[in-house]
Amino acid sequence: MIYLDNAASTKPKEEVVNTMIEVMKNSYANPDAIHEFSHEIFLKIKNSRKTVGNFLGVLPERVYFTAGGSDGNNLVLQGIIEANSKTRKHLITTKIEHPSVYETFRNYEKKGFDVDFLDVDKNGYVDLEQLKNIIREDTLLVSIGTVNSEVGSIQNLKEIAQIVKGKSKDIYFHTDFVQGFGCTDIKFDKIPVDAITVSGHKIYASKGIGAVYVADGVKLTNVIYGSNSENGIAKRTMPTELILGFAKAVELLDKNYKKDMEYLQNLKAEFAKKIEENISDIRINSLFDIEKSSPKVLNVSFRGTKGEVLTHFLGMNEIYVSTGSACSSKKGNSRVLSCMGLSQSELDGAIRFSFSYENTLEEIDKVVEVLKKSVEQIRKMR
């Protein structure tokens, strides 16, 4: 099996799995209980918060654990909007956001909010001049993802934050950092951001766990009600094994991510080179500057094919890829690629390959071999 769908989900590292098993065996009490056993677990969660916060470059006490990226985006975005919308009802995001952001903003648009969806250029980068011109006195919130999950474009987050805060310090700025976690050198100690979302299963931890950072002074309303609490953000019992497993993944990430980024970048470049050498009539939809595009993601359009059919052909050879974001890949042509101006043939034949540290050059050679045969066969079927 060759797994090249790591932007959708990664294989948990053995150390993460072992941590979770140990916690389930020995730290199973509810961390919200009042006895000493519970307090020991509470302290472990507190230490996990420190691990995540230090990696992001934010205050650990402002990090809150969630059930994942989509959960975190909804908690933060809805919480900020609901708490601050009496006098301000203008929201800004982009046309290429993850569905958990994009659909949240569409929902508020249906509720009567004035929502602007920013355009992107042919490489998936936000139109910064449009952003400057579109911010108003009643703008409440701007949410722009750091790294796009389908093509890997890395937004200029520092400049975007400066534009937003330069207009008004009262405008909240949120970034979905799920795909940026461990795939960029960005730290948030010098970027004026009010909220950040990250997720565990993109960095070799388990599904069902993530975190949000919410800056001090951000007014936010609870949108989940219950008796237990994650510092008032997520009122649910905290899953200790998931949290400590997530923290272990972040700890490992902190040690290895720069080396892994270089490795993935070389893998991505070599893969693209071999595709270009062996398969005609293609379009590479991802850039190769590690400062501007995630080393983890390579999006390619094979004209004259159907992405779903090509994915099936590869799957029959135990090569697993995707046609885009796992959260929207079953809904027809990619909204992201459409906004980038691809032709219908390029939209139809788009495939996303996403890598992990476990992938090898030998695997890449095998994939290119199968790709070439599959593309030729599909084109003959037209």
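Throughout this description, residue numbers start from 1 for each chain and increase along the sequence as written. Only residues with pLDDT of 70 or above have their local features reported here, since the model is predicted, and side-chain atom pairs are shown and tallied only from 80 upward, although totals for entire chains, interfaces and linings are computed over all residues. Derived side-chain values reflect all non-hydrogen atoms in the structure, with water molecules and hydrogen atoms excluded from consideration.

- If you check an unreviewed UniProt entry, the protein chain appears there as Aminotransferase, class V from Pseudoleptotrichia goodfellowii F0264.
- UniProt positions are given in the numbering used here, feature names are shortened, and annotations may be inferred rather than shown by experiment. For the record of the protein chain, the UniProt heading Sequence similarities (unreviewed entry) holds the text "Belongs to the class-V pyridoxal-phosphate-dependent aminotransferase family. NifS/IscS subfamily."
- Turning to the protein chain, the UniProt record has this under Cofactor (unreviewed entry): "pyridoxal 5'-phosphate".

1. Examining the sheet that holds strand E4 (residues 114-118)
- We treat two strands as partners when DSSP finds at least two bridges between them. Only runs of H or I of at least four residues qualify as helices and only runs of E of at least two qualify as strands under DSSP, and these elements are numbered from the N terminus. Taken in spatial order, the 7 strands line up as E2-E8-E7-E6-E5-E3-E4 in an open sheet, and their pairing is mixed. Sheet topology places strand E2 (63-66) and E4 at the edges, where each strand pairs with a single neighbour. Sheet twist, expressed as the mean angle between neighbouring strand axes with direction ignored, is 20°.
- Looking at chain direction, strand E5 (residues 139-143) and strand E6 (residues 172-176) are connected through 3 bridges and run parallel. Directly across from Ser 143, in E6, lies its bridge partner His 174.
- Across the sheet, helix H6 (residues 157-167) touches E5 and E6, and the angle it forms with E6 is around 160°. Here an angle of 0 to 180 degrees is reported between the N-to-C directions of two axes, which are lines fitted to C-alpha atoms, with helices fitted over the stretch in contact. Note on definitions: a residue-residue contact is assigned when non-hydrogen atoms from the two residues lie within 4.5 Å.

2. A word on helix H7 (residues 240-278)
- Between the first and last residue of a helix there are one fewer steps than residues, each counted as 1.5 Å, and that sum is the expected span. If you check H7, its first and last C-alpha atoms are just 49 Å apart, much less than what 39 residues at 1.5 Å a residue would give, namely 57 Å.
- Note that bend, as reported per residue, equals the angle between axes fitted to the 7 residues terminating at that residue and the 7 residues originating from it. Within H7, the axis deviates most sharply at Asn 256, by approximately 60°.

3. Notes on the pairing of strand E3 (residues 90-94)
- Throughout, exposure labels follow a simple rule: accessible area from a 1.4 Å probe, protein chains only, divided by the maximum for the residue type, with under 20% read as buried, over 50% as exposed, and the rest as partly exposed. With respect to burial, E3 is a largely interior element, 5 of its 5 residues being buried.
- Of the two faces of E3, the one holding His 90, Ile 92 and Thr 94 and the one holding Leu 91 and Thr 93 are both buried throughout.
- Note that E3 and E4 share 5 bridges and pair parallel. Looking across to E4, one finds that Ile 92 is bridged to Asp 116.
- Here 3 bridges tie E3 to E5, and the two strands are oriented parallel to one another. Looking at E5, one finds that Leu 91 is bridged to Leu 141.

4. Things to note about the sheet that holds strand E12 (residues 350-354)
- An order of E9-E10-E12 is seen for the 3 strands of this open sheet, with the pairing classed as antiparallel. With partners counted over all chains shown, the strands left at the sheet margins are strand E9 (282-284) and E12, one partner each. On average, each strand axis in the sheet is tilted by 25° relative to the strand beside it, whichever way the strands run.
- Pairing analysis gives 3 bridges linking E9 to strand E10 (residues 297-302), with the strands arranged antiparallel.

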